[in-house]
Amino acid sequence: MAKGLADCSVKAQSAVISAPITSKQEGYAGDNCFSLSRRKSSGRHKTAQDLASRTRVLSVIGQSVSHYKIIEKLGEGGMGVVYKALDTTLGRTVALKFVSASAAGDESMKQRLVREAKACAALNHPNITTVYEFVQSEEHEFIAIEFIEGKTLNQLLESKQFQLVESFSIALQLLDGLEAAHRKGVIHRDLKASNIMLEADGRVKIMDFGLAKLTQGSMLTQPGSTVGTAAYMSPEQARGEETDHRTDIYSLGVVLYQLLTGKLPFDNPHYLAVLYAVVNVDPRPLRELDPAIPAELENIVLKAMAKDPDRRFQSCAVMARSLLEVSEAIGGANSMRRQYRHLIGS
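Residues numbered from 1 in each chain as written. Predicted model: local features only at pLDDT ≥ 70, side-chain atom pairs only at ≥ 80, totals over all residues. Heavy atoms only, no water.

With respect to helix α5 (residues 164–183)
So the rule is basically this: Counting from the N terminus, the helices are DSSP H or I runs at least four residues long and the strands are E runs at least two residues long. What a helix is expected to span follows from its residue count: subtract one and scale by 1.5 Å. Only protein chains enter the calculation, and the probe is 1.4 Å; a residue is then buried if its accessible area is under 20% of its type maximum, exposed if over 50%, and partly exposed in between.
In this model α5 runs 28 Å from its N-terminal to its C-terminal C-alpha over 20 residues, within 8% of the 28 Å that 1.5 Å per residue would give. Taken across its 20 residues, α5 has 14 buried, putting it largely inside the fold. Just downstream of α5, Gly-185 is the residue with a positive phi angle, here 80°.

Considerations on the packing of helix α10 (residues 295–304) against helix α11 (residues 316–329)
Rule in force here: Note on geometry: axes are C-alpha line fits, over the in-contact stretch for helices, and angles between N-to-C directions span 0 to 180 degrees. When describing relative orientation, an angle under 35 degrees is termed roughly parallel and one over 145 degrees roughly antiparallel, while 65 to 115 degrees is termed roughly perpendicular and anything else oblique. Take the far helix as your reference; a near helix turned counterclockwise from it by less than a right angle gives a left-handed crossing, and one turned clockwise gives a right-handed crossing. Contacts were defined at the residue level, with two residues in contact if any of their heavy atoms lie within 4.5 Å.
α11 packs onto α10 with a crossing angle of 165° between their chain directions and a minimal axis gap of 9 Å. Judged on the interaxial angle alone, α11 and α10 are roughly antiparallel. Classified by chirality, the crossing of α11 by α10 is left-handed. Along its contact with α10, which presents Glu-296, Leu-297, Ile-300 and Ala-304, the element α11 presents Met-319, Ser-322, Leu-323 and Val-326.

So, the nonpolar core
Filter applied, for reference: The criterion is simple. A nonpolar core is a set of buried Ala, Val, Leu, Ile, Met, Phe, Trp, Tyr and Cys residues joined through side-chain atoms within 4.5 Å.
Counting residues in each nonpolar core, the largest one holds 75 residues, and the members touching the most others are Leu-153, Leu-175, Phe-209, Met-319 and Leu-323. Here this core takes nine residues from helix α7 (residues 246–261), the largest share from any one element. Setting aside its immediate chain neighbours within four residues, Leu-175 contacts Leu-252, Cys-316, Met-319, Ala-320, Leu-323 and Leu-343. With 12 residues, the next largest nonpolar core counts Ala-85, Phe-98, Val-135 and Phe-142 among its residues.

Observations regarding the pattern of salt bridges
What counts here: By definition, a salt bridge exists where a carboxyl oxygen of Asp or Glu is found within 4 Å of a side-chain nitrogen of Lys or Arg.
Within this structure, the stated rule accounts for 12 salt bridges. In this structure, Arg-312 engages Glu-236 in a salt bridge whose closest nitrogen and oxygen atoms are separated by 2.8 Å. Here Glu-236 lies in helix α6 (residues 235–238) and Arg-312 lies in the loop between α10 and α11, a separation of 76 residues in the sequence. Like Glu-236, Arg-312 is buried. Between Glu-288 and Arg-284 there is a salt bridge, with the nearest N and O atoms lying 3.1 Å from each other. You can call Arg-284 partly exposed: its relative accessible area is 43%.

Details of empty space enclosed by the protein
In this approach a probe as big as a water molecule rolls over the atoms, and the regions it shows empty are the leftover space. Operational definition: Only protein atoms enter the calculation, which uses a 1 Å grid: trapped sets of points that fit a 1.4 Å probe without letting it out are cavities, open sets showing protein on both sides within 12 Å along at least five of seven lines are pockets, and any residue with an atom within 4 Å of a point is a lining residue. Grid points are joined across faces, edges and corners, and a volume is the space filled by probe spheres set on the points. Three residue categories are used. Nonpolar comprises Ala, Val, Leu, Ile, Met, Phe, Trp, Tyr, Cys and Pro, charged comprises Asp, Glu, Lys and Arg, and polar comprises the others, including Gly.
Applying the stated criterion to the full structure yields one cavity of 30 Å³ or more. Every residue along the wall of the largest cavity is listed here: Lys-97, Glu-116, Cys-120, Thr-129, Val-131, Ile-145, Ile-206, Met-207, Asp-208 and Phe-209. Looking at the lining of the largest cavity, its residues break down into six nonpolar, one polar and three charged.

Here we look at the pairing of strand β11 (residues 196–199)
Stated precisely, the cut-off is as follows: When DSSP finds two or more bridges between two strands, those strands count as paired.
As paired elements, strand β9 (residues 150–152) and β11 share three bridges and run antiparallel to each other. Looking across to β11, one finds that Gly-150 is bridged to Glu-199. Taken together, the three bridges between β11 and strand β12 (residues 204–206) define a ladder with antiparallel strand orientation. Looking at the pairing, Ile-196 lines up with Ile-206 of β12.

Here's the deal with the packing of aromatic side chains
Given two aromatic rings, their pairing is described by the distance between the two centres and the angle made by the two planes. In plain terms, the rule: Stacked, tilted and edge-to-face are the three classes assigned to paired rings of Phe, Tyr and Trp, where Trp is represented by its six-membered ring and a pair needs centres within 6.5 Å; plane angles under 30 degrees give stacked, over 60 edge-to-face, the rest tilted. Only lysine NZ and arginine CZ atoms are considered, and such an atom sits over a ring when it is within 6 Å of the ring centre and within 35 degrees of the ring normal.
Inspection of the entire model under this criterion finds three aromatic pairs. Considering the side-chain rings of Tyr-83 and Phe-98, the 5.9 Å spacing of their centres and the 80° angle between planes classify their relative orientation as edge-to-face. A residue pair is termed long-range when its members are at least 10 positions apart, and Tyr-83 in strand β5 (residues 80–87) and Phe-98 in strand β6 (residues 92–99) qualify at 15 residues. Neither residue differs from the other here; Tyr-83 and Phe-98 are each classed as buried. Ring plane angle 35° and centroid distance 4.9 Å describe the contact between Phe-98 and Phe-142, whose orientation is recorded as tilted. Remark: Phe-142 occurs in strand β8 (residues 141–146) and Phe-98 occurs in strand β6; sequence separation between them is 44 residues. Residue Phe-142 is classed as buried on the basis of its relative accessible area, which comes to 0%. Pairwise contacts between aromatic rings join Tyr-68, Tyr-83, Phe-98 and Phe-142 into one cluster. The ring of Tyr-132 is capped by Arg-92, whose NZ or CZ atom sits 3.6 Å from the centre of that ring.

Structure representation (structure tokens):
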């Protein structure tokens, strides 16, 4: 076990650690939108750079970039900034993602923006955020994406306990969206509660494909590097190994664990401690936290989170089929099976 911790320590030296971003508008940017680093500052830490940043924001509000008129700032972090804008050509509201001024010289951040645009351009699914276009000029590089009215799952979990039927619905919509991405050769690699948006009508939207891996494309990271958010990483991802679509199934298992129990399976303020647990420690059984969770549902979550990818569900479609069987066994509506017939194949 000591070796596992040592391995994690080495990998962490090249880690990309995702954390929430600050946001002005909880309903959209919340704490996802680019998996940006949160910058907490007290009065004594106010700097000239902070003031300059606020001045830049004020200077762009109301300005036009290409055919978009910027309305307000939605969120900002160390790697990017997101604005609400009006598409003056089509008359629709959109969100614009820019590489932040502080990261403008970092070529990897520009590549991440392009990668998200390319990944989402290959996808057309109601549970995946739509990318409208990627704009590149001498002055600006940004992507225009669908503006979503809603809250992230992470925000909702702070004050809401989901009913089983709601949890099934959310999980199945996520599986539907991920299966569509996987069939197109796109692996998300950073699925987490803050990258999942729920609209008022209950529709789920998967956001932030900035770390997506295109299975038919070139290598996006160096061998041995670690990308993603520690608490949601698969063991192979935490070790910096090559990953396939089953890493998303593991992350979805973590999301479902959190959805059902209100807790993350490995929750520790220390990054390396989380990586160690992901690789070496079995998650606490869900029914120890909430005995009301059906045993069959607990088994599905723990199977999705198996350390060995070969012991997990081998596709989102197979996992969806198991979830539907459990839902029906505990009295769920048969209409859900009809709704997801295209996903499960029967």
